Amino acid sequence: PFYDSMLAKVITFGKDRNEALLLMKKTLEDLKIYGVQTTIDFHKAILMHADFKDGHYNCSFLQNNFSSLMASLTEN
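Since the model is a prediction, treat every value here as computed from it, not as a measurement.

**Notes on the overall build of the protein chain**
Now for step 1: Across its full length, the protein chain holds four helices and zero strands.
Now for step 2: Its helices and strands taken in sequence order, the protein chain reads α-α-α-α from the N to the C terminus.
Now for step 3: Seen through its C-alpha atoms, the protein chain measures out along the principal axes to roughly 35 × 30 × 25 Å.
Now for step 4: Within the protein chain, contacts between residues separated by at least 24 positions form 36% of all contacts whose residues are at least 6 apart in sequence.
Now for step 5: Total accessible area computed for the protein chain in this model is approximately 6,200 Å², and 56% of it derives from carbon and sulfur atoms.

**Here we look at the nonpolar core**
Now for step 1: Grouped together as the largest cluster of nonpolar side chains are 11 residues: L21, M24, L28, I40, F42, A45, I46, L47, F52, F61 and L69.
Now for step 2: Of all the elements in the fold, those that place two or more residues in this core are α1 (17-30), α2 (40-48) and α4 (61-75).
Now for step 3: Sorting elements by how many residues they give to this core places α2 first, with five residues.
Now for step 4: In this view, I46 contacts F52, F61, L62 and L69; residues no more than four positions away in its chain are not counted.

**Quick word on the confidence of the model for the protein chain**
Now for step 1: Overall, the predicted model of the protein chain reaches an average pLDDT of 90, with 95% of residues at or above 70.
Now for step 2: For the protein chain, α4 is the element with the lowest average pLDDT, namely 92, and α1 is the one with the highest, namely 95.

**Some words on the environment of S5**
Now for step 1: Of note, S5 is situated in the segment before α1.
Now for step 2: Along the sequence, S5 and V36 sit 31 residues apart, while their C-alpha atoms lie 9.9 Å from each other.

**What about the packing of aromatic side chains?**
Describing an aromatic ring pair means giving the distance of the ring centres and the angle of the ring planes.
Now for step 1: The full count for this structure, using the stated rule, is three aromatic pairs.
Now for step 2: Centre to centre, the rings of F42 and F66 are 5.9 Å apart; their planes meet at 55°, and the pair counts as tilted. With F42 in helix α2 and F66 in helix α4, this pair connects stretches of sequence that are 24 residues apart.
Now for step 3: Assessed through its relative accessible area of 16%, F42 is described here as buried.
Now for step 4: Plain terms: the ring middles of F52 and F61 are 5.9 Å apart, the flat faces sit at 50° to each other, and that makes the pair tilted.
Now for step 5: Take F52: its relative accessible area is 16%, and that puts it in the buried class.

**Regarding α4**
Now for step 1: For α4, built from 15 residues, the straight-helix expectation of 21 Å at 1.5 Å per residue is met to within 8% by its first-to-last C-alpha distance of 20 Å.
Now for step 2: Considering bend angle alone, the principal kink of α4 is centred on S67 and spans about 45°.
Now for step 3: Elements that come into contact with the buried residues of α4 comprise α2 and α3 (50-53).

Scoring rules and cut-offs
- Residue numbers restart at each chain and count upward from 1, following the sequence in its written direction.
- Owing to the predicted nature of the model, reporting of local features is limited to residues with pLDDT of at least 70; listing and counting of side-chain atom pairs is limited to 80 or more, with chain, interface and lining totals taken over all residues.
- In computing side-chain properties, one takes all heavy atoms of the structure into account and sets aside hydrogens as well as water.
- A run of H or I in DSSP counts as a helix once it spans at least four residues, and a run of E counts as a strand once it spans at least two, with each numbered from the N terminus.
- Whether two residues are in contact is decided by their heavy atoms, any of which lying within 4.5 Å being enough.
- Note on areas: these come from Shrake-Rupley sampling with a 1.4 Å probe, and a residue is covered only by the protein chains present in the view.
- Among the buried residues, those of types Ala, Val, Leu, Ile, Met, Phe, Trp, Tyr and Cys that are joined through side-chain atoms within 4.5 Å form a nonpolar core.
- Residue burial is assigned from relative accessible area. The probe radius is 1.4 Å, only protein chains are included, and a residue is buried under 20% of its type maximum, exposed over 50%, and partly exposed in between.
- Each residue carries a pLDDT score, the predictor's confidence in it, ranging from 0 to 100.
- Aromatic pairs are defined between Phe, Tyr and Trp rings, using the six-membered ring for Trp, whenever the two ring centres lie within 6.5 Å; interplanar angles under 30 degrees are classed as stacked, those over 60 as edge-to-face, and all others as tilted.
- The span one expects for a helix is its residue count, reduced by one, times 1.5 Å.
- Each residue is assigned a bend, namely the angle between axes fitted to the seven residues that terminate at it and the seven residues that start at it.

Structure representation (structure tokens):
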């Protein structure tokens, strides 16, 4: 409640979707934010989800995949 929840907006692009996703994953791995909890690991889990990587997602993606995304966080 003491800060804006959007700390940064990160955008990547590449010659195709796969290149942009790989660049975003690397960017998020290299990103360091101190002093507050972030959702970086959750966003990396989304990027690595097979349906998201293949472009098969819609407005219900998070609702439909939340459990598996959270489980992947504890596996790593």
